[in-house]
Amino acid sequence: MKKFISIFASLLLLLVYLPTDSKAAELVNYPTKVNVSILLNANVTLSLNGSYQLSNKDTGNVTQVPPNTTISVKKDSAGVTVSYTGFTESSAKGFDVQEQISSSLSLARVSNGVTYRGSFFLKPNGSKIEVINILDMEDYLKGVVPSEMPASWHKEALKAQAISARSYAANSIMLTTTAASQVYRGYSGEDARTNAAIKETEGLLVKYNGKPIQTFFFSTSGGRTANVGDVWNSRQSDFPYLVSVEDPYENSPYSSWSETFTAAQVLKSFGFAETAQILDITLAKTGANGEVRGVTLKTSAGDKTVTGNEAVIRKLFPLPDANLYNQLYSNWFDIQVNGSPTELSVQTANGTETIKDLKGQKVQTANGEVSLSDSKISIQTTGGVVSNEGGTGITSVTLNGKGWGHRIGMSQYGARGYAEKGWTAVQILTHYFQGTTVSK
């Protein structure tokens, strides 16, 4: 009888400690895994609501995290230290917070205020902790599409955005949460309408010669997209699908725009003292549509030419708005000068000629021909000495342009316009990415 009681007690203890769900310790598999860097900070917290385990990257030790636990993470001399009630552990290589299979959705609220699906890698990065969100592509897109395009827009436009975002991510090793790759707001940003668009396009990618391409997109083209070679330092022949196309149905507040910059702002941007005088400003519009790839500023303190891709040109004229990334809308613009440009009319052997900048000009004097070393001069006339000093010069410049963004690939406002005209998502994408197909 005692033996039977002993066996029964042992079985009872075994039953007590057996997991109630046979899949409780099984990890969630992500068919198409993506990695998103979501936070970089010295101290991080994750409030876990669901089933997770903690894995030490140094030792391989695995610890089941109790439900509804907030874990604190800090960077210290030991590397990464994770702690919660009754638990503290350190690892030089960091920790994996791994999602386990459960009957309910597991979510984690991170100290950046955003809630995420999936798992996490708590990685040491210098003096800080980098939090990398690891999840399946289709769940990742749920946090991207409504962050990149209003969920209220036409469904075919949302589907085009979903396919484009999926193709872009498929060609990226590490993603971020900003427009540097794609805006991603995790589970906090999800919307049922965009979730449906993602589901209806599940697995679809944009391909060229059968291979997925990195599908760039942007807000507004201004009526026509750009050739990649006209705005980036890219060889056009390497990207035959990133060519300029018509965008006639776009209706955006950024289709055309006008911004004025004071002389002081322009001088500072080019590295001149604000006390200098702007004599002239010209554009090198080398793009097929007139995209600007160079700006030359002539001043009383010297001249400077800045050339570069669209990012370089846009940063020359910064707009004080973080929503615009503190730069000009696009590099497709014309320029208008305001004020009194410094101009002189001089008599030459061929008649009267207008000269904006006297520096470097050659003049005949009583002592022979000399070259002017400055734009400011004094001239003896029959009425006395006349000086060109004291003029106002150019007091401001106005840029009149089109579009918002790099203008390469798919215009989001343009996609909405095409969708409202009855185009399907596939038609929209194969228009913006010439010569491509859409398939799994």
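Structure shown above.
Position numbers for residues count from 1 along each chain, tracking the sequence in the order it is written. Only residues with pLDDT of 70 or above have their local features reported here, since the model is predicted, and side-chain atom pairs are shown and tallied only from 80 upward, although totals for entire chains, interfaces and linings are computed over all residues. For the side-chain quantities, the full set of heavy atoms in the structure was used; hydrogens and water were omitted.

Remarks on the overall build of the protein
Inference 1: Along its length, the protein carries nine helices and 30 strands.
Inference 2: Split into buried and exposed, the 440 residues of the protein put 48% on the buried side.
Inference 3: All accessible areas in this document rest on Shrake-Rupley with a 1.4 Å probe, and a residue is counted as covered only by the protein chains that are shown. Counting only carbon and sulfur atoms, one obtains 51% of the accessible surface of the protein, whose full area is about 21,700 Å². Only runs of H or I of at least four residues qualify as helices and only runs of E of at least two qualify as strands under DSSP, and these elements are numbered from the N terminus. Three labels apply to residues, based on accessible area from a 1.4 Å probe with only protein chains included: buried if under 20% of the type maximum, exposed if over 50%, partly exposed otherwise in between.

Considerations on the pattern of salt bridges
Inference 1: What makes a salt bridge here is a side-chain nitrogen of Lys or Arg within 4 Å of a carboxyl oxygen of Asp or Glu, nothing more. Inspection of the entire model under this criterion finds 16 salt bridges.
Inference 2: Salt-bridge contacts for Asp 191 lead to Arg 193; the nearest nitrogen and oxygen are separated by 3.0 Å.
Inference 3: Overall, the relative accessible area of 45% leaves Arg 193 in the partly exposed class.
Inference 4: The partner of Glu 291 in a salt bridge is Arg 407, with the nearest N and O atoms 3.1 Å apart. Of this pair, Glu 291 sits in the loop between strand 18 (278–284) and strand 19 (294–299) while Arg 407 sits in the loop between strand 28 (393–401) and strand 29 (410–411); the two residues are 116 residues apart in sequence, bridging distant segments of the chain.
Inference 5: The exposure class of Arg 407 is buried, given its relative accessible area of 0%.
Inference 6: Among the ionic contacts, a cluster of salt bridges with common partners joins Arg 117, Asp 139, Lys 142 and Glu 190.

As for the sheet that holds strand 11 (residues 119–125)
Inference 1: Taken together, the seven strands give an open sheet; going across it, the order is 4-3-8-11-12-1-13, and neighbouring strands pair in mixed fashion. Each of the sheet's edge strands pairs with one partner strand only, and the pair in question is strand 4 (62–65) and strand 13 (175–176).
Inference 2: Any two strands with at least two DSSP-identified bridges between them are counted as paired. Where strand 8 (residues 95–99) lies against strand 11, three bridges are found, and the strand directions are antiparallel. By the bridge assignment for strand 11, Asp 96 is matched with Phe 121.
Inference 3: Contact between two residues is taken to exist if any of their heavy atoms lie within 4.5 Å; hydrogens are not considered. Angles run from 0 to 180 degrees between N-to-C directions of axes, and those axes are lines fitted to C-alpha atoms, restricted for helices to the stretch in contact. Against the sheet, helix 2 (residues 137–148) touches strand 1 (33–41), strand 12 (128–136) and strand 13, its axis set at about 115 degrees to strand 12.

Some words on the packing of aromatic side chains
Inference 1: Centre distance within 6.5 Å is the pairing criterion for rings of Phe, Tyr and Trp, where only the six-membered ring of Trp is used; planes under 30 degrees apart are then read as stacked, over 60 as edge-to-face, and the remainder as tilted. In total, this model carries 17 aromatic pairs according to the counting rule given.
Inference 2: With 5.2 Å between their ring centres and 90 degrees between their planes, Tyr 249 and Tyr 418 make a pair best called edge-to-face. In this pair, Tyr 249 sits in the loop between helix 5 (228–231) and strand 17 (257–262) while Tyr 418 sits in helix 8 (residues 412–420), placing the two residues 169 residues apart along the sequence.
Inference 3: For Tyr 418, a relative accessible area of 2% translates into the label buried.
Inference 4: When the ring of Tyr 418 is compared with that of Trp 423, the centres are 4.1 Å apart and the planes differ by 40 degrees; the resulting orientation is tilted.
Inference 5: Note on Trp 423: relative accessible area 27%, which makes it partly exposed.
Inference 6: Three or more aromatic residues joined by ring pairs form one cluster here, namely Tyr 116, Phe 120, Tyr 140 and Tyr 184.
Inference 7: Above the ring of Phe 121, the side-chain terminus of Lys 57 is found at 4.9 Å from the ring centroid. Sitting over a ring, as applied to charges here, requires NZ of Lys or CZ of Arg to be within 6 Å of the ring centre and within 35 degrees of the ring normal.

As for the environment of Val 183
Inference 1: For Val 183, the location among the structural elements is in the loop between strand 13 and helix 4 (192–200).
Inference 2: On the basis of relative accessible area, Val 183 is assigned to the buried category, the value being 12%.
Inference 3: Separated by 40 residues in sequence, Val 183 and Gly 143 have C-alpha atoms that sit 8.2 Å apart.

Focus on the nonpolar core
Inference 1: If you look at the biggest cluster of nonpolar residues, it comprises 69 residues, and the most contacted ones within it are Ile 71, Leu 122 and Tyr 140.
Inference 2: Counting the residues that make up this core, at least three belong to each of domain 1 (32–134) and domain 2 (139–249 + 403–437).
Inference 3: Excluding anything up to four places from it in sequence, Ile 71 contacts Val 44, Thr 45, Leu 46, Leu 48, Val 65, Val 82, Ser 83, Tyr 84, Val 97 and Leu 122.
Inference 4: Counting 26 residues, the second largest nonpolar core, distinct from the first, contains Phe 261, Leu 267, Ile 394 and Val 397. Nonpolar cores were defined as sets of buried Ala, Val, Leu, Ile, Met, Phe, Trp, Tyr and Cys residues, with membership established by side-chain atoms within 4.5 Å. By convention here, the domain bounds are inherited from an automatic or database domain assignment.

Overview of the packing of helix 8 against helix 9 (residues 425–432)
Inference 1: Two elements in contact, helix 8 and helix 9, have axes whose closest approach is 10 Å; the angle formed by their N-to-C orientations is 135 degrees. When the axis of helix 8 is compared with that of helix 9, the two are oblique. The two elements helix 8 and helix 9 cross, and the hand of that crossing is right-handed. For the pair helix 8 and helix 9, contact is made by Gly 414, Ala 415, Tyr 418 and Ala 419 and by Ile 428, His 431 and Tyr 432, respectively. Note on angle classes: values under 35 degrees are labelled roughly parallel, values over 145 roughly antiparallel, values of 65 to 115 roughly perpendicular, and the remainder oblique. Note on convention: the crossing is left-handed when the near helix lies turned anticlockwise from the far helix by less than a right angle, right-handed when the turn is clockwise.

Some points on helix 9
Inference 1: Burial in helix 9 covers these residues: Ala 425, Ile 428, Leu 429, His 431 and Tyr 432. Within helix 9, the buried residues cover an arc of 160 degrees as seen down the axis, which keeps them to one side.
Inference 2: Structurally, helix 9 contributes buried residues whose contacts are with helix 3 (155–170), strand 14 (205–208), strand 29, helix 8 and strand 30 (437–439). Directions pointing from the helix axis toward each C-beta atom define the arc.

So, the pairing of strand 6 (residues 79–84)
Inference 1: With five of six residues buried, strand 6 lies mostly within the body of the structure.
Inference 2: In this structure, the hairpin formed by strand 5 (residues 69–76) and strand 6 is closed by a connection of two residues.
Inference 3: Across five bridges, strand 6 lies against strand 7 (residues 87–91) in antiparallel orientation. Among the inter-strand pairings, Thr 81 is bridged to a residue of strand 7, identified as Ser 90.

A look at the side chain of Ser 244
Inference 1: By the element assignment, Ser 244 lies in the loop between helix 5 and strand 17.
Inference 2: Between N or O atoms, a polar contact is any pair within 3.5 Å; within protein, one atom must be a potential hydrogen donor and the other a potential acceptor, and residues adjacent in sequence are included only when both atoms are from side chains. Here the side chain of Ser 244 touches Thr 225 through a polar contact of 2.6 Å, landing on its backbone oxygen.
Inference 3: A polar contact is formed between the side chain of Ser 244 and the side chain of Asn 289, at a distance of 3.3 Å.
Inference 4: Leaving out residues up to four positions away in the same chain, Ser 244 has contacts with Arg 224, Thr 225, Ala 226, Asn 227 and Asn 289.

Structural notes on the sheet that holds strand 20 (residues 302–307)
Inference 1: With antiparallel pairing, three strands are arranged side by side in an open sheet as 18-19-20. Each edge of the sheet is formed by a strand with only one pairing partner; in this case those strands are strand 18 and strand 20. Strand-to-strand, the axes of this sheet are offset by a mean angle of 10 degrees, without reference to chain direction.
Inference 2: The sheet contact formed by strand 18 and strand 19 spans six bridges and is antiparallel.

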